[in-house]
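# Residue-level structure breakdown
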Amino acid sequence: MAILPICRAGDPVLREKARRVRTIDKSIHKLVEDMWETMYDAPGVGLAAPQVGVSLRVVVIDVGDDNPIALVNPEIVKRSGERRCDEGCLSVPGYRGEITRSVKVVAQGVDPYTGKEVRIKAEDNLLAEALEHEIDHINGILYIDYLASPDSLIPLSDAPEVRG
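Everything quoted here is computed from the prediction, not taken from an experiment. (Residues numbered from 1 in each chain as written. Predicted model: local features only at pLDDT ≥ 70, side-chain atom pairs only at ≥ 80, totals over all residues. Heavy atoms only, no water.)

## A closer look at the overall build of the protein
Scanning the protein from N- to C-terminus turns up three helices and eight strands. Secondary structure elements in the protein, listed N-terminal to C-terminal, are α-β-β-β-β-β-β-β-α-β-α. Taken over C-alpha atoms, the radius of gyration comes to 15 Å for the protein, in line with the 15 Å a tight globule of 164 residues would show. By its C-alpha atoms, the protein is 45 × 35 × 30 Å across when sized along the principal axes. By residue count, 45% of the 164 residues in the protein fall in the buried class. Considering only residue pairs separated by 6 or more positions, the protein has 66% of its internal contacts joining residues 24 or more positions apart. Charge centroids of the protein, computed over 20 positive and 27 negative side chains, lie 7 Å from each other. (Helix = DSSP H or I, 4+ residues; strand = E, 2+ residues; numbered from the N terminus. Rg over C-alpha atoms; globule rule 2.2 N^0.38 Å. Buried < 20%, exposed > 50% of the residue type's maximum accessible area, 1.4 Å probe, protein only. Contact = heavy atoms within 4.5 Å. Lys, Arg positive; Asp, Glu negative; His and termini not counted. Charge placed at Lys NZ, Arg CZ, Asp CG, Glu CD.)

Here's what the structure looks like:
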């Protein structure tokens, strides 16, 4: 396993629509393992393959509920409701911003370990937010795209959790 460099906003790979994975083989398993190690090291709760410079539709998410999720070719199949979320991103370090996300999210994709199609339902929690956030990444979308303007970004040094 290896800790991979995380691409920052401005890197063209983050704006590409990532390619579908045709075959889940050893290279995909190694990518997933490296993504886990990179995400935990950062630390973050989710990571998409484009964030480590690989334009493939692969994401990993661990919101701390003892149920980490790795998905190949994930997509949102259903969403409803709106809520405001305070969001950050490993590719936009040092900032956060308040954006609108869905209340209920249903995603599906392939579990790289079993090869089986899985459906994940999340409602009004960090998992729902992370599913939308990471699947946005594989579609070339960053959370900052949802902000009214770049001035809406809040430097973490000004964030209430840093100021105390």
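## Let's talk about the layout of surface pockets
Empty space among the atoms becomes apparent when a probe as large as a water molecule is rolled across them. Within this model, the largest pocket holds a volume of roughly 370 Å³. Around the largest pocket sit 22 residues that line it, and Val 45, Glu 87, Gly 88, Cys 89 and Leu 90 are the ones nearest its centre. Per element, the largest residue contribution to the lining of the largest pocket is five residues, and it comes from helix α2 (residues 126-138). For the lining of the largest pocket, the per-class residue count stands at ten nonpolar, six polar and six charged. (1 Å grid on protein atoms, 1.4 Å probe; cavity = no way out; pocket = protein on both sides within 12 Å on 5 of 7 lines; lining within 4 Å. Points joined across faces, edges and corners; volume = space filled by probe spheres on them. Nonpolar A, V, L, I, M, F, W, Y, C, P; charged D, E, K, R; others polar.)

## Examining a positive patch on the surface
A cluster of basic residues, Lys 78, Lys 104, Arg 119 and Lys 121, forms a positive patch on the protein surface. Counting through the fold element by element, Arg 119 comes out in strand β7 (residues 117-123). Looking at Arg 119, the relative accessible area reads 53%, which means it is exposed. (Patch = residues over 30% accessible without salt bridge, like charges linked within 9 Å, V, L, I, M, F, W, Y side chains within 5 Å. Areas by Shrake-Rupley, 256 points an atom, 1.4 Å probe, with all protein chains shown as cover. Salt bridge = Lys/Arg side-chain N within 4 Å of Asp/Glu carboxyl O.)

## Description of the state of the cysteines
Enumeration over the complete set of coordinates arrives at zero disulfides. The thiol sulfur of Cys 85 is not disulfide-bonded, and the nearest other cysteine sulfur, from Cys 89, lies at 14 Å. No disulfide involves Cys 89; its nearest neighbouring cysteine sulfur is the one of Cys 7, lying 11 Å away. (Disulfide = S-S within 2.5 Å.)

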